[in-house]
Amino acid sequence: MSYAKSKNLTPYDVLTIASMIEREARAPGDRAKVAAVIYNRLHLGMKLGIDATILYHLGSWSATIHQSDIDSHEPYNTRQNLGLPPTPICNPGLASIEAAAHPAHVNYLYYLAVPGQDAQYFTASFADFKAHGG
């Protein structure tokens, strides 16, 4: 927890981050990189933009997210609100908690799913993110 403490985050914040990692990481090796994106965005004051938080609010992990959902200012919409959602969005496993406590040391700010694979593409560049379908 020393990394989280150095970022002024509480154990509850780490649990909240772990819950987002649990829902967002497509492959086990992606957890620490998803954690890094979250921490990097928090550090820069960027919106997290995590769709799983919107799905949590909608009450379904498989719901279609519509523009009206993205535009909503409800508390779990990390596309509209800065910072963490008010509570964890699921019960994370130990691997996600460990990733939240020990994020990868990378400068990534964006990720997206690789079509047809259980993998994600990570980048620090918004232009690169958009070029890969983001």
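You'll find the structure just up there.
Below is a short write-up of the structure. (Residues numbered from 1 in each chain as written. Predicted model: local features only at pLDDT ≥ 70, side-chain atom pairs only at ≥ 80, totals over all residues. Heavy atoms only, no water.)

### Describing the packing of aromatic side chains
Counted according to the given criterion, the structure contains 7 aromatic pairs. Consider the rings of Tyr 56 and Trp 61, whose centres lie 6.5 Å apart with planes at 35 degrees: the pair is tilted. When its relative accessible area of 35% is taken as the criterion, Trp 61 is described as partly exposed. If you follow Arg 23 out to its NZ or CZ, it ends over the ring of Trp 61, 3.9 Å from the centre. (Phe/Tyr/Trp six-rings, centres within 6.5 Å; stacked < 30°, edge-to-face > 60°. Buried < 20%, exposed > 50% of the residue type's maximum accessible area, 1.4 Å probe, protein only. Lys NZ or Arg CZ within 6 Å of the ring centre and 35° of its normal.)

### Describing the pairing of strand β2 (residues 120–123)
The sheet contact formed by strand β1 (residues 110–113) and β2 spans 4 bridges and is antiparallel. Bridging across to β2, Tyr 111 finds its partner in Phe 122. Remark: 6 residues form the turn of the hairpin made by β1 and β2, two consecutive strands paired antiparallel; Gly 116 in that turn has positive phi of roughly 75 degrees. (Pairing = 2+ DSSP bridges. Helix = DSSP H or I, 4+ residues; strand = E, 2+ residues; numbered from the N terminus.)

### Here's the deal with the environment of Trp 61
Among the structural elements, Trp 61 can be located in the loop between α4 (51–58) and α5 (67–71). For the pair Trp 61 and Arg 23, spaced 38 residues apart in the sequence, the C-alpha separation amounts to 8.6 Å. When sequence neighbours within four positions are dropped, the list of residues in contact with Trp 61 reads Arg 23, Ala 52, Leu 55, Tyr 56, Ile 89 and Cys 90. (Contact = heavy atoms within 4.5 Å.)

### Brief notes about the side chain of Thr 78
Summarising the element assignment, Thr 78 is placed in the loop between α5 and α6 (94–101). Reaching out from Thr 78, the side chain makes a polar contact with the side chain of Thr 53 at a distance of 2.9 Å. (Polar contact = N/O pair within 3.5 Å; in protein donor to acceptor, adjacent residues only side chain to side chain.)

### Description of α6
In an α-helix, one turn spans 3.6 residues, which is why side chains three or four residues apart end up on the same side. Taken together, the buried positions of α6 are Ser 96, Ala 99, Ala 100 and Ala 101. On the buried face of α6, the contacting elements are α1 (2–6), α2 (11–24) and α3 (31–44).

### Re the pattern of salt bridges
Tallied over the full model, the rule gives 2 salt bridges. Close ionic contact of Lys 33 with Asp 30 constitutes a salt bridge, the shortest N to O distance being 3.6 Å. Its relative accessible area of 25% is what places Lys 33 among the partly exposed residues. Residue Asp 51 is joined to Arg 79 by a salt bridge in which the shortest nitrogen-to-oxygen separation is 2.8 Å. On the criterion of sequence distance, the pair formed by Asp 51 in helix α4 and Arg 79 in the loop between α5 and α6 is long-range, its members being 28 residues apart. (Salt bridge = Lys/Arg side-chain N within 4 Å of Asp/Glu carboxyl O.)

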